[in-house]
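# Commentary on secondary and tertiary structure
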Amino acid sequence: MTDAVAQRNLDNTLLLLQGAMPRGDFDLIRSLVTPGAPIRRAGFADLYALTGDAIPQSGNFVEWLEAGWKVLSGALTDQTAEARDIVASGNTVMLQYRMTALHSGTFAGAPATGGRVEWEEIGVLHFDDEGKITDLWFMCQELSLAGQIGYQAQLS
């Protein structure tokens, strides 16, 4: 793989996370992701499962967006993603980024606080030779966000 391929994949990753997803631009998302691309672990899926308001943890990424991301982005508006550490090597991009959003709707059973929330995420994305995303995996700081929206951990 060339440096140009890695750079293209890095650019497409940032376009997805910093542009298309926060704006809910599903046409752009579909242009960046292959139709059958699986999501291996969806952000906030454990938090939703714990609170009884489950969203899919895995499956087809585009279908997950339609079923899960619309719910999340409706509750967490004015989103921004700030890439902190990002590495692109051939057809793989790994990054750590900080998300911020306004808690403006019910999220994982917690009513809107009206305040800003933030959390860290890690993502791993794989690409085909044309620069489309073929596989995605995300992990986020669910416990940190849960505390910011009013949940308290109970240790036994």
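This one's a predicted model, so the numbers in the text were calculated from it and none came from an experiment. (Residues numbered from 1 in each chain as written. Predicted model: local features only at pLDDT ≥ 70, side-chain atom pairs only at ≥ 80, totals over all residues. Heavy atoms only, no water.)

Scanning the protein for helices and strands turns up five helices and six strands. The linear arrangement of helices and strands in the protein, starting from the amino end, is α-α-β-α-β-α-β-β-β-β-α. Residues classed as buried in the protein amount to 47% of the 156 residues present. The contacts in the protein between residues at least 6 apart in sequence include a share of 58% that link residues at least 24 apart. (Helix = DSSP H or I, 4+ residues; strand = E, 2+ residues; numbered from the N terminus. Buried < 20%, exposed > 50% of the residue type's maximum accessible area, 1.4 Å probe, protein only. Contact = heavy atoms within 4.5 Å.)

Helix length check: helix α1 (residues 3–23), at 21 residues, gives a terminal C-alpha distance of 29 Å against a target of 30 Å (1.5 Å per residue), a fit within 8%. Taking the largest bend as the criterion, α1 deviates by roughly 35°, centred on L16. By the burial criterion, the buried members of α1 are V5, A6, N9, L10, N12, T13, L16, L17, G19, A20 and M21. Positioned one or two residues after α1, G24 has a phi angle of 65°, which is positive. (Expected span 1.5 Å × (residues − 1). Bend = angle between axes of the 7 residues up to and from the residue.)

Approximately 190 Å³ is the volume attributed to the largest pocket. Around the largest pocket, the lining comprises eleven residues; the ones closest to its centre are L47, L50, L143, A146 and Y151. At the level of elements, α3 (45–50) and α5 (142–148) are the ones that each hand at least two residues to the lining of the largest pocket. Among the elements that take part in the lining of the largest pocket, α5 stands out by supplying four residues, more than any other. Residues belonging to the lining of the largest pocket are distributed by class as follows: six nonpolar, three polar and two charged. (1 Å grid on protein atoms, 1.4 Å probe; cavity = no way out; pocket = protein on both sides within 12 Å on 5 of 7 lines; lining within 4 Å. Points joined across faces, edges and corners; volume = space filled by probe spheres on them. Nonpolar A, V, L, I, M, F, W, Y, C, P; charged D, E, K, R; others polar.)

With that out of the way, let us pick up empty space enclosed by the protein. Evaluation of the coordinates by the stated rule reveals two cavities of 30 Å³ or more. The calculated volume of the largest cavity comes to roughly 140 Å³. Those elements that provide at least two residues to the lining of the largest cavity are α1, α4 (61–75), β4 (92–103) and β5 (116–127). Considering only residue class, the lining of the largest cavity consists of eleven nonpolar, two polar and one charged. Considered as a void within the structure, the second largest cavity measures approximately 30 Å³ in volume. Lining the second largest cavity, in full, are F44, W69, L72, S73, L76, Q79 and W119. Only α4 and β3 (76–89) provide two or more residues apiece to the lining of the second largest cavity. Among the elements that line the lining of the second largest cavity, the one with the most residues is α4, at three residues. In terms of residue class, the lining of the second largest cavity is made up of five nonpolar, two polar and no charged.

Attention now moves to the confidence of the model for the protein. Low pLDDT means the predicted atomic positions in that stretch should not be read closely. Looking at the protein as a whole, the pLDDT averages 87, with 89% of positions reaching at least 70. For the protein, α3 is the element with the lowest average pLDDT, namely 70, and β4 is the one with the highest, namely 96. (pLDDT = per-residue confidence, 0-100.)

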